[in-house]
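Structural overview
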Amino acid sequence: MTTTPALTHFDSQGQAHMVDVAAKASTHRIGIAQGRIVMHPATLAIILEGTAKKGDVLGIARIAGIMAAKKTSDLIPLCHPLALTRVAVEFTTEQESSSILCSAAVETVGPTGVEMEALTAVQIALLTIYDMCKAVDRGMTITDVKLQEKHGGKSGTYIAEK
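Residues numbered from 1 in each chain as written. Predicted model: local features only at pLDDT ≥ 70, side-chain atom pairs only at ≥ 80, totals over all residues. Heavy atoms only, no water.

Across its full length, the protein chain holds four helices and five strands. In the protein chain, the succession of α and β elements from N to C terminus is β-α-α-α-β-β-α-β-β. Considered along the principal axes of its C-alpha atoms, the protein chain spans approximately 50 × 35 × 30 Å. Split into buried and exposed, the 162 residues of the protein chain put 38% on the buried side. Of the roughly 9,500 Å² of accessible surface on the protein chain, 58% is carried by carbon and sulfur atoms. Considering the protein chain, the positive charge centre built from 15 side chains and the negative charge centre built from 16 side chains are found 3 Å apart. (Helix = DSSP H or I, 4+ residues; strand = E, 2+ residues; numbered from the N terminus. Buried < 20%, exposed > 50% of the residue type's maximum accessible area, 1.4 Å probe, protein only. Areas by Shrake-Rupley, 256 points an atom, 1.4 Å probe, with all protein chains shown as cover. Lys, Arg positive; Asp, Glu negative; His and termini not counted. Charge placed at Lys NZ, Arg CZ, Asp CG, Glu CD.)

This part takes up helix H2 (residues 57-70). Because each turn of an α-helix spans 3.6 residues, side chains separated by three or four positions in sequence point in the same direction. Relative to the 20 Å expected for 14 residues at 1.5 Å per residue, H2 spans 20 Å between its end C-alpha atoms, a close match to the ideal helical length. Of all the residues in H2, the buried ones are Val57, Leu58, Gly59, Ala61, Ala64, Gly65, Ala68 and Ala69. Structurally, H2 contributes buried residues whose contacts are with helix H1 (41-49), helix H3 (72-75), strand S2 (84-94), strand S3 (99-110) and helix H4 (115-133). (Expected span 1.5 Å × (residues − 1). Contact = heavy atoms within 4.5 Å.)

On to the pattern of salt bridges. All chains considered together, the criterion is met by five salt bridges. Measuring nitrogen to oxygen at the nearest pair gives 3.9 Å for the salt bridge that ties aspartate 144 to arginine 36. Residue aspartate 144 is located in strand S4 (residues 141-151), and its partner arginine 36 is located in strand S1 (residues 27-38); the two are separated by 108 residues in the primary sequence. Lysine 71 is the partner of aspartate 74 in a salt bridge, and the nearest nitrogen-oxygen pair spans 3.7 Å. (Salt bridge = Lys/Arg side-chain N within 4 Å of Asp/Glu carboxyl O.)

In this structure, Met39, Ile47, Val89, Phe91, Ile100 and Ile129 are the most contacted members of the largest nonpolar core, which totals 27 residues. Looking at this core, the elements with two or more residues in it are S1, H1, H2, S2, S3 and H4. The greatest single-element share of this core, amounting to eight residues, is contributed by H4. Residues in contact with isoleucine 129, not counting those within four places in the same chain, are Ile37, Met39, Ile47, Val57, Leu58, Ala61, Phe91, Ile100 and Met140. (Core = buried A, V, L, I, M, F, W, Y, C linked by side-chain atoms within 4.5 Å.)

What follows deals with H1. Among the residues making up H1, those that are buried are Thr43, Leu44 and Ile47. The buried residues of H1 occupy an angular sector of 100° when projected down its axis, which confines them to one face. Opposite its buried face, H1 presents the exposed residues Pro41, Ala42 and Glu49, each directed more than 90 degrees away. Where H1 is buried, its residues contact H2, S2, S3 and H4. Immediately beyond the C-terminal end of H1, within one or two residues, lies glycine 50, with a positive phi of roughly 75°. (Arc of directions from axis to C-beta.)

For S1 and S3, the ladder comprises twelve bridges, and the chain directions are antiparallel. Note on S3: the bridge partner recorded for isoleucine 30 is glutamate 107. Strand direction decides the pairing type here: S1 and S4, joined by eight bridges, are antiparallel. Bridge assignment links isoleucine 32 to a residue of S4, and that residue is glutamate 149. (Pairing = 2+ DSSP bridges.)

Moving on, we come to the side chain of glutamate 117. Here glutamate 117 shows up in helix H4. The contacts of glutamate 117, once residues within four sequence positions are left out, are Ala69, Thr72, His80, Leu82, Leu84 and Val106.

What follows is the structure in structure tokens.
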């Protein structure tokens, strides 16, 4: 019989709390997340041609994702503020599905992981694309946001199944 691990953000009385990471070893930690935004082909063309009225959609979305990773602890109540050593946000356009895949890799050296920072970077980058293009396509869909990889710490490596 396997047991389900306890949720770490709750104490023995079931009250929410910030996890104490003081005794955890500082290690190099990496979180990689991805997500997709699906749109009309004409919207994708506007982005790729650089003719969106609000400017360079992917450039601004990249900066938004990086900024979001740095502000994750301000957005998610029980996340620790972290000194990030690297945040990389990349986009891959996929003509056949009329979509843009966003990937965010976040790194730190510390006592807790950066999965939430990577997931936040992806979500905000994709929301920024939506915001910048909503005038021409309100039906865009953000989908498939998930943690792809996590490295470092006591629990080691996690790689999502394909």
